[in-house]
Amino acid sequence: MVISKTPFRISLFGGSTDYESFFSEHGSLLVGFAIDKYCYINLRKNPKIFDYKSKVAYSSVETVKNNKDIKHDGVRGVIDYFDLLDERLEISYFSDLPAQTGIGSSSSFVVGLINAIMHKDKYSAKELADAAITVERHFLNEVGGIQDQIWAAYGGLSSIAIDKTGNFLVRPLPVSEDFIEFFLDTSILIYTGRQRKSFKIASSHETGSTDSNKQKILQLAHSGYNAFCNEDHKQIAELLRESWESKKKISNLVCNPEINTMIEDLHDCGMIGGKLIGSGGSGFIFGITDSPESKYEICQKFKDRCVDFGISKNGSEIIHE
């Protein structure tokens with residue numbers, strides 16, 4: 001039996017510029033971090049005594065006599081990629097946070113499953129990310145970017161530079177431990193209370209290379225990177241707010257009146273910059289407050305929806321084999 005542990009992520013700057021239709025013309029820069037909330041994949045060989053070939057347990061439970069009949073997209077894509085149609089598999093999924101909430105959970109699942117399957121080969125972070133990108137974008141033909149797979153594989157508080165060919169370089173942000181501590185002490189993660197199917201929203205982000213809003217988001221990502229290098233807490237928050245305004249203009253599916261009202265309420269409580277993470281629609285709001293005291297007040301007000309989090313320094317790991 002093998003168990004993998006894979007972090008979710010918070011993308012701060014550059015979201016939506018990691019689509020191939022955009023970075024193939026302009027490149028991309030993303031700034032964000034993996035959080036210490038995880039998905040866990042439990043994998044073992046399914047004993048022959050059972051009258052089905054494979055079993056997959058997540059929010060549903062599937063038992064199939066032919067692996068081609070598995071409905072879970074991530075599992076089916078990984079099975080196709082590694083040609084595991086003849087393997088007897090039992091896969092169980094556990095998570096610290098709800099799926100379909102903009103935290104990159106589907107990519108974390110794929111990265112974690114690949115890591116569990118290939119644990120003997122000890123895939124590097126780059127091999128995990130590349131394989132997951134291929135599974136999701138080419139084997140499953142899912143619309144979306146490539147940052148989620150990278151955060152899940154690498155972990156950390158980092159920048160991701162993507163060139164026009166799709167090659168990427170991950171660099172830890174050059175910030176002090178004191179600043180990271182203050183950044184976390186003034187950051188909030190609030191659940192909106194709703195999940196969403198991301199396919200339609202992600203498809204609405206596929207606006208090509210000429211989208212002026214995406215070009216603005218890319219510019220803000222470079223500014224956000226510089227603000228981190230300067231350890232300028234206030235500027236990071238202001239740029240986050242500006243980036244969110246640009247992202248909302250990409251598609252009318254990104255935001256809705258309920259989200260707008262919630263973000264305005266958070267601003268009234270001391271949040272100086274924030275955004276809905278992920279492709280939009282619902283999920284989690286990440287924000288930066290003006291002080292630890294404001295964070296405390298917000299967490300008291302939204303205590304049933306406020307998630308305590310830190311940075312996961314590591315990407316996907318094997319925790320049992």
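A quick note: this is a predicted structure, and the numbers were derived from the prediction, not measured. (Residues numbered from 1 in each chain as written. Predicted model: local features only at pLDDT ≥ 70, side-chain atom pairs only at ≥ 80, totals over all residues. Heavy atoms only, no water.)

Draft legend 1. Spotlight on the layout of surface pockets. Of the voids in this model, the second largest pocket is the one considered here, and its volume is about 340 Å³. The wall of the second largest pocket is formed by 19 residues, among which Glu20, Phe23, Ile133, His138 and Ile146 lie closest to the centre. Broken down by secondary-structure element, the contributors of at least two residues to the lining of the second largest pocket are helix H1 (20-26) and helix H4 (125-139). The biggest single contributor to the lining of the second largest pocket is H4, with six residues. (1 Å grid on protein atoms, 1.4 Å probe; cavity = no way out; pocket = protein on both sides within 12 Å on 5 of 7 lines; lining within 4 Å. Points joined across faces, edges and corners; volume = space filled by probe spheres on them. Helix = DSSP H or I, 4+ residues; strand = E, 2+ residues; numbered from the N terminus.)

Draft legend 2. Main features of the packing of helix H3 (residues 105-117) against H4. Interaxial distance between H3 and H4 falls to 9 Å at its minimum, and their mutual angle equals 120°. With respect to H4, the axis of H3 lies oblique. Where H3 crosses over H4, the two elements pack in a sense that is right-handed. Here H3 contributes Ser106, Ser107, Val110, Val111, Ile114 and Asn115 to the contact with H4, which in turn contributes Leu128, Ala131, Ala132, Val135 and Glu136. (Axes fitted to C-alpha atoms, helices over the stretch in contact; angles between N-to-C directions. Parallel < 35°, antiparallel > 145°, perpendicular 65-115°, else oblique. Left-handed = near helix turned anticlockwise from the far one by under 90°. Contact = heavy atoms within 4.5 Å.)

Draft legend 3. Main features of the nonpolar core. Counting residues in each nonpolar core, the largest one holds 76 residues, and the members touching the most others are Phe33, Ile114, Phe228 and Phe286. Broken down by element, the residue count for this core peaks at eight residues, all from strand S2 (residues 28-45). Apart from the residues lying within four places of it in its own chain, the contact partners of phenylalanine 228 are Leu12, Phe13, Val31, Leu173, Val175, Phe179, Phe183 and Ile236. Listed in part, the 13 residues of the second largest apolar core include Ile188, Ile263, Ile285 and Ile298. (Core = buried A, V, L, I, M, F, W, Y, C linked by side-chain atoms within 4.5 Å. Buried < 20%, exposed > 50% of the residue type's maximum accessible area, 1.4 Å probe, protein only.)

Draft legend 4. The environment of valine 135, seen in detail. With respect to the helices, strands and loops of the structure, valine 135 is situated in helix H4. Those residues in contact with valine 135, other than ones at most four positions away along the chain, are Gly77, Val78, Tyr81, Val110, Ile114 and Leu140.

Draft legend 5. Highlighting the packing of aromatic side chains. One pass over the structure, following the stated rule, counts 15 aromatic pairs. For the pair phenylalanine 286 and phenylalanine 309, a centre-to-centre distance of 6.2 Å together with 65° between the ring planes defines the contact as edge-to-face. Within this pair, whereas phenylalanine 286 is found in strand S10 (residues 284-289), its partner phenylalanine 309 is found in the loop between helix H11 (292-301) and strand S11 (317-320), the two being separated by 23 residues in sequence. Considered together, phenylalanine 286 and phenylalanine 309 belong to a single accessibility category, that of buried residues. Counting every residue linked through ring pairs, the aromatic cluster contains Phe33, Phe179, Phe183, Phe228, Phe286 and Phe309. Here the guanidinium or amino end of lysine 126 rests over the ring plane of phenylalanine 168, the centre of that ring lying 4.9 Å away. Directly above the ring of tyrosine 19 sits lysine 214, whose terminal nitrogen or CZ lies 4.6 Å from the centroid. (Phe/Tyr/Trp six-rings, centres within 6.5 Å; stacked < 30°, edge-to-face > 60°. Lys NZ or Arg CZ within 6 Å of the ring centre and 35° of its normal.)

Draft legend 6. Up close: the side chain of serine 4. With respect to the helices, strands and loops of the structure, serine 4 is situated in strand S1 (residues 2-13). Separated by 2.8 Å, the side chain of serine 4 and the backbone oxygen of glycine 112 make a polar contact. Once residues lying within four places of it in the same chain are set aside, the contact partners of serine 4 are Cys39, Tyr40, Ile41, Gly112, Leu113, Ala116, Ser316, Glu317 and Ile318. (Polar contact = N/O pair within 3.5 Å; in protein donor to acceptor, adjacent residues only side chain to side chain.)

Draft legend 7. Looking closely at helix H8 (residues 212-229). Counted at 1.5 Å a residue, the expected span for H8 with its 18 residues is 26 Å, and the 26 Å between its end C-alpha atoms agrees. At its buried positions, H8 is contacted by S1, H1, S2, helix H6 (177-185) and helix H9 (233-248). Following H8 by one or two positions, glutamate 231 adopts a phi angle in the positive range, close to 50°. (Expected span 1.5 Å × (residues − 1).)

Draft legend 8. View of the sheet that holds S10. Pairing within the open sheet is antiparallel, and its three strands lie in the order S8-S10-S9. Looking at which strands have only one partner, the edges of the open sheet turn out to be strand S8 (187-191) and strand S9 (271-276). With strand direction ignored, the average angle separating the axes of adjacent strands in the sheet is 20°. The pairing of S9 with S10 spans five bridges and is antiparallel. Its bridge partner being in S10, leucine 276 is matched across the sheet by isoleucine 285. The strands touched by helix H10 (residues 257-268) within the sheet are S8, S9 and S10, with S9 carrying the most contacts at an inclination of about 160°. Along the sheet, H11 makes contact with S8, S9 and S10, crossing S8 at roughly 15°. (Pairing = 2+ DSSP bridges.)

Draft legend 9. Layout of the packing of helix H2 (residues 73-81) against H3. Where H2 meets H3, the closest approach of the two axes is 10 Å, and the angle between their N-to-C directions is 40°. It follows from the interaxial angle that H2 and H3 lie oblique. With respect to the hand of their crossing, H2 and H3 are arranged in right-handed fashion. Two secondary-structure elements touch here, H2 through Gly74, Val75 and Val78 and H3 through Phe109, Val110, Leu113, Ile114 and Ile117. Of the residues belonging to the contact of H2 with H3, the class tally is seven nonpolar, one polar and no charged. (Nonpolar A, V, L, I, M, F, W, Y, C, P; charged D, E, K, R; others polar.)

Draft legend 10. Spatial organisation of empty space enclosed by the protein. Tallying each qualifying case throughout the model produces two cavities of 30 Å³ or more. Within this model, the largest cavity holds a volume of roughly 40 Å³. Lining the largest cavity, in full, are Leu12, Phe13, Gly14, Gly15, Ile217, Ser243, Trp244, Lys247 and Lys275. At the level of secondary structure, the elements contributing two or more residues to the lining of the largest cavity comprise S1 and H9. Partitioning the lining of the largest cavity into residue classes produces four nonpolar, three polar and two charged.

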